[in-house]
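A look at the structure
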Amino acid sequence: MGKKYRLAITKGEEIRYVSHLDYMRAVERAVRRSKLPAAYSEGFNPHMKLAFASALSVGVASEAEYLDIELTAEVDPAAVGGALARELPPGIAVRGVRTMGAGRAALMAVVNLATYRIAVPLPAAALDAAEAAIAAFNAAPAAPYVKESPKGRREIDVKNFVHSIAAARRPGGLELTLAVRITPAGSVKPAEVLAMLVKYFGLSADPDAALVTRTGLFVADGSGRVAPLDL
Amino acid sequence: MTKLPPAVLSRVAKPARYTGQEWGSVTKDHDKVDATFALAFPDVYEVGMSHLGLKILYHVVNRRPDAAAERVYAPWPDMEAELRREGIPLHTLESFRPVAAFDIVGFTLQYELSYTNILNMLDLAGIPLKSADRGEEAPLVIAGGPCAFNAEPLADFIDFFVLGESEEALDDVAAAVAAWKKAGKPGGRRGLLARAAGIGGVYVPAFYEARYNADGTLAGVTATDPAAPPAITKRIVADLEQAPYPTRPVVPFLEVVHDRIMLELFRGCTRGCRFCQAGVLYRPVRERRPETLLRLAQELVDNTGYNEISLTSLSSADYSCLKDVVGRLIDQFQGQGVSVSLPSLRIDSFSIELAQEVQKVRKSGLTFAPEAGTQRLRDVINKGVTEQDLEEAVGAAFRAGWSGVKLYFMIGLPTETDDDIRGIAALAHRVRDIYREVTGKRGARVAVSVSSFVPKPHTPFQWYGQNSMDELERKQQLLRTLFRDRSVTFSWHDARVSFLEAVFARGDRRLGEVLLAAWRRGAKFDGWSEYFKFDVWQEAFRETGVDPLFYAARERGAAEILPWDHLSAGVDKSFLRREYEQALAAAPTPDCRRGDCRACGVCQGLGVDIIDWGTP
Ligand code: SF4
């Protein structure tokens, strides 16, 4: 039985447009370059024992990605972080490492809340109206939205996932911050929240021009939020 | 410095094609170097990033302290539309500098149907398309790669070509640019071109004039400038052991076509298939030592983190110490989670044994290329493979657990008759039957892929008139009627694409206007079926009054001056002619690698030798 480690890493501006699959592969290659004693699965097609917390869309950066990795030998956590940091491409930094005891639940299974910051470019003249749109969303009892995906159309109530959005004025536009619940029944993407605001709450902004950054992933219960590294 | 707006990147497919920042990419301070190169590949990122030659050149330039190389690929049409709308010039991935701000823009020429992409990229870069229209400030636009061996269709657009293996030549070019700039750019642009013309392997088309006979054939391409040699001979690396190898290649985020370590075992192939251009251009065979390969492999694994090593060469199975090297690579790397793969297979059971060793996992498909359906025609093309070889090889493959094989053939070869076409179907059915004999079961999967033969310059078939599109389509149709069995799938190539390839492969300078006309009418990414617009090309030929059949379909006379006669791969034209005659007599010519010299002229002419570590 190998040793498990949990790492907090980032997906910076440089690689904002890299897909989740490509991001994972980049980390895996960095692990291989680092010569850390990564554990592989058995079988003909061995793969590295590496698990990520939650997928990020193309175009979304992150200050808080988490991954669990299994090594075949015990390594000092600081040395794990150091070895990996040297081999990570620009845009991926290590923010923390800790060992994980046996029997911990998979990251994917426990994380249930993601926080985001969205920079929405807007002319100064449009700021009042934009703030009003956000306020209208916050006051609305429900916010139905039709999710479209290759698998089909599905109507959701965004309010089931996002309780409220905070808006702050910044040079060049508005900065939105929000927390999105990740439930067994699904979640909503920040880009969909934006599209919903544009379509149903009169936010007049170009969602393509907005910059979304994940600021945190948490395990939340009634009493508070815990980051995966503190579990 | 251009930074792409988020809205643009959000709107295009696969935006990571355009954002760089890959592991291993090199960004230098342009103020601290004397020569800057934008290395351009006229196809999309995933294709360009898979090209070993470009990785080598990137390394060759960037290892010089006085030079910087950056990369640029053809933007996909969605991105092209965004660039044009936003007025963003074509720029490199490393520094996002406009391509027009570089000293040299160097294109890799791999495929004739990427020529319109070159014009499109120059246009997007704001660089005048024609060399003659470029001012003092414009970069020098240069090109290399196999298609440079018939440079003439691009002569109007390219300032100079580099023939042959460019790792040393590009070094010379970088040194020449740096020296010229340091000296205060004496003679201006023309002065630099004259310096370049003095570098071995460099062809400056503006220093030559093409004259034609009344019947449209070429009367000659002759030097008009004292700096220009009468003929240009390819550059060659005599000993690959001394050649620089990119052991820190750029590792893309995006999954590219060849997304693995490429370990080049050797260069050259002297099996002498008469249709094959690479076999002539890269003569003679020069192998790397096994120890060198193992060392390079370890460096590549350490530096890239890739989990697969692909052994690449024109015919990797011909490497003299292959079994030894494969065994040692597997021993060395299996504990590191790295596998070994062998892309090109020879048709024999030795190859199957090896394939079994390296591809324990993937029983998906093995590829064989008999190329022709009958022994007679295989003798014509000098494909030294018998039906028995194929039977033994696929038998061994099926016994080893493979159930699918791919068979590659060509139609339209010289002397071909319908019996040869029927032979393709017969061979495919024979392979299906062998599966039943070996396994006692049905259910073989035989995929037959048939391309149409495109005669290439610098080959024994360079004189041959290509089959007409009608004839190729008739043969395809004949094959369709012969493949009735569901265990055999048949695919073929668009005859119109092969026709256009044939026009440009053996074209002359008069095709420059056709290219321009087709590009103006929207031709680009012609190698991609979704963008191939044959009607646009037909209009371009009509508009310019150029007859494409003159280039594709015409059998050339033995004495005719060919548009590439002044560009030499070191192989004598008389050897190629002899080989053509041998072909018509269905007489084979054995490999010179371990047999007698066939007097092609390359070793004596270029002062190089075959390097084969298996020779006792
Ligand atoms: S000169 Fe002779 S030995 Fe050298 S490549 Fe040609 S045929 Fe082979």
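Quick caveat, the model's predicted, so the values are computed rather than measured.

1. Let's talk about the packing of aromatic side chains
Considering all chains together, one arrives at 24 aromatic pairs over all chains under this definition. Between the aromatic rings of Phe499 of chain B and Phe534 of chain B, the centroid separation amounts to 6.3 Å while the plane-to-plane angle is 75 degrees, which identifies the pairing as edge-to-face. In this pair, Phe499 of chain B is assigned in helix α16 (residues 495–505) and Phe534 of chain B in helix α18 (residues 534–544), connecting sequence segments 35 residues apart. For the pair formed by Phe499 of chain B and Phe534 of chain B, the shared burial category is buried. Taken together, the ring pairs connect Phe453, Phe461, Trp463, Tyr464 and Tyr580 of chain B into an aromatic cluster. The lysine or arginine in question, Arg225 of chain A, covers the ring of Phe218 of chain A, its NZ or CZ lying 5.5 Å from the ring centre. Sitting over the ring of Phe550 of chain B, Arg554 of chain B keeps its end group 4.1 Å from the ring centre.

2. Observations concerning the nonpolar core
All names here are of chain B. Of all hydrophobic cores here, the largest spans 163 residues; its most connected members are Phe37, Phe107, Leu109, Phe160 and Trp537. Excluding residues within four positions of it along the chain, Trp537 makes contact with Thr116, Leu500, Phe504, Val514, Leu515, Ala518, Ala523, Asp526 and Phe532. With 71 residues, the next largest nonpolar core counts Ile330, Leu366, Ala397 and Phe483 among its residues.

3. A closer look at the interface of chain B and chain A
In this assembly, 28 residues from chain B lie in contact with 24 residues from chain A. Carbon and sulfur atoms make up 59% of the area that chain B and chain A hide from each other, which totals about 2200 Å². Viewed at the interface, chain A and chain B are joined by three salt bridges. Residue Arg29 of chain A pairs with Asp259 of chain B through a salt bridge whose shortest N-O separation is 3.3 Å. Taken together, the connections running from chain B to chain A amount to eight residue pairs in polar contact (both at pLDDT 80 or more). For the side of chain B that touches chain A, the secondary structure elements donating two or more residues are α1 (6–11) and α9 (290–304) of chain B. In the side of chain B that touches chain A, the residues fall into 14 nonpolar, 10 polar and four charged.

4. Remarks on the site of the ligand
Lining the immediate surroundings of the ligand are 13 residues, of which Cys592, Cys597, Arg598, Cys600 and Cys603 of chain B lie closest. In terms of residue class, the shell around the ligand is made up of eight nonpolar, three polar and two charged.

5. Thoughts on the domain arrangement of chain A
Many descriptions give the size of an interface as the accessible area lost when the pieces come together. Residue and element names in this part refer to chain A. When cut into domains, chain A gives domain 1 (3–108) and domain 2 (113–230). On a C-alpha basis, the centres of domain 1 and domain 2 stand 27 Å from each other. Carbon and sulfur atoms make up 55% of the surface buried where domain 1 meets domain 2, a total of about 1300 Å² over both sides. Here domain 1 is connected to domain 2 by two salt bridges. In this structure, Arg214 engages Glu65 in a salt bridge whose closest nitrogen and oxygen atoms are separated by 3.0 Å. Linking domain 1 to domain 2 there are 10 residue pairs in polar contact (both at pLDDT 80 or more). Breaking the side of domain 1 that touches domain 2 down by element, the ones donating at least two residues are β1 (3–11), β3 (60–71) and β4 (94–100).

6. A look at the sheet that holds strand β16 (residues 404–411) of chain B
All names here are of chain B. Pairing within the open sheet is parallel, and its four strands lie in the order β15-β16-β17-β18. If you trace the sheet from one side to the other, it starts and ends with β15 (366–371) and β18 (488–492), each paired once. For this sheet the average axis-to-axis angle between neighbouring strands, irrespective of direction, equals 20 degrees. Where strand β17 (residues 445–452) meets β18, five bridges bridge the pair, whose relative direction is parallel. Considered in β18, the bridge of Ala447 is made with Thr489. In this fold helix α13 (residues 387–399) packs onto β15 and β16, with an angle of close to 170 degrees to the strand it touches most, β15.

7. As for the domain arrangement of chain B
All names here are of chain B. Domain annotation for chain B reports domain 1 (6–233), domain 2 (260–363 + 586–616) and domain 3 (365–510 + 546–554). If you average the C-alpha positions of domain 2 and of domain 3, the two centres end up 24 Å apart. On the domain 3 side, the residues contacting the 24 residues of domain 2 number 31 residues. The junction of domain 2 with domain 3 conceals about 2200 Å² of combined surface from both sides, 66% of it contributed by carbon and sulfur atoms. For the pair domain 2 and domain 3, the interface holds zero salt bridges. The interface formed by domain 2 and domain 3 holds seven residue pairs in polar contact (both at pLDDT 80 or more) in total. Considering every element that reaches the side of domain 2 that touches domain 3, the biggest residue donor is helix α11 (residues 349–358), with four residues. Looking at the side of domain 2 that touches domain 3, its residues break down into 12 nonpolar, six polar and six charged.

Conventions adopted
Residues numbered from 1 in each chain as written. Chains lettered and ligands numbered in written order. Predicted model: local features only at pLDDT ≥ 70, side-chain atom pairs only at ≥ 80, totals over all residues. Heavy atoms only, no water. Phe/Tyr/Trp six-rings, centres within 6.5 Å; stacked < 30°, edge-to-face > 60°. Helix = DSSP H or I, 4+ residues; strand = E, 2+ residues; numbered from the N terminus. Buried < 20%, exposed > 50% of the residue type's maximum accessible area, 1.4 Å probe, protein only. Lys NZ or Arg CZ within 6 Å of the ring centre and 35° of its normal. Core = buried A, V, L, I, M, F, W, Y, C linked by side-chain atoms within 4.5 Å. Contact = heavy atoms within 4.5 Å. Buried area = accessible area lost by both parts, 1.4 Å probe. Salt bridge = Lys/Arg side-chain N within 4 Å of Asp/Glu carboxyl O. Polar contact = N/O pair within 3.5 Å; in protein donor to acceptor, adjacent residues only side chain to side chain. Nonpolar A, V, L, I, M, F, W, Y, C, P; charged D, E, K, R; others polar. Near = heavy atom within 4 Å. Domains from an automatic or database assignment. Pairing = 2+ DSSP bridges. Axes fitted to C-alpha atoms, helices over the stretch in contact; angles between N-to-C directions.

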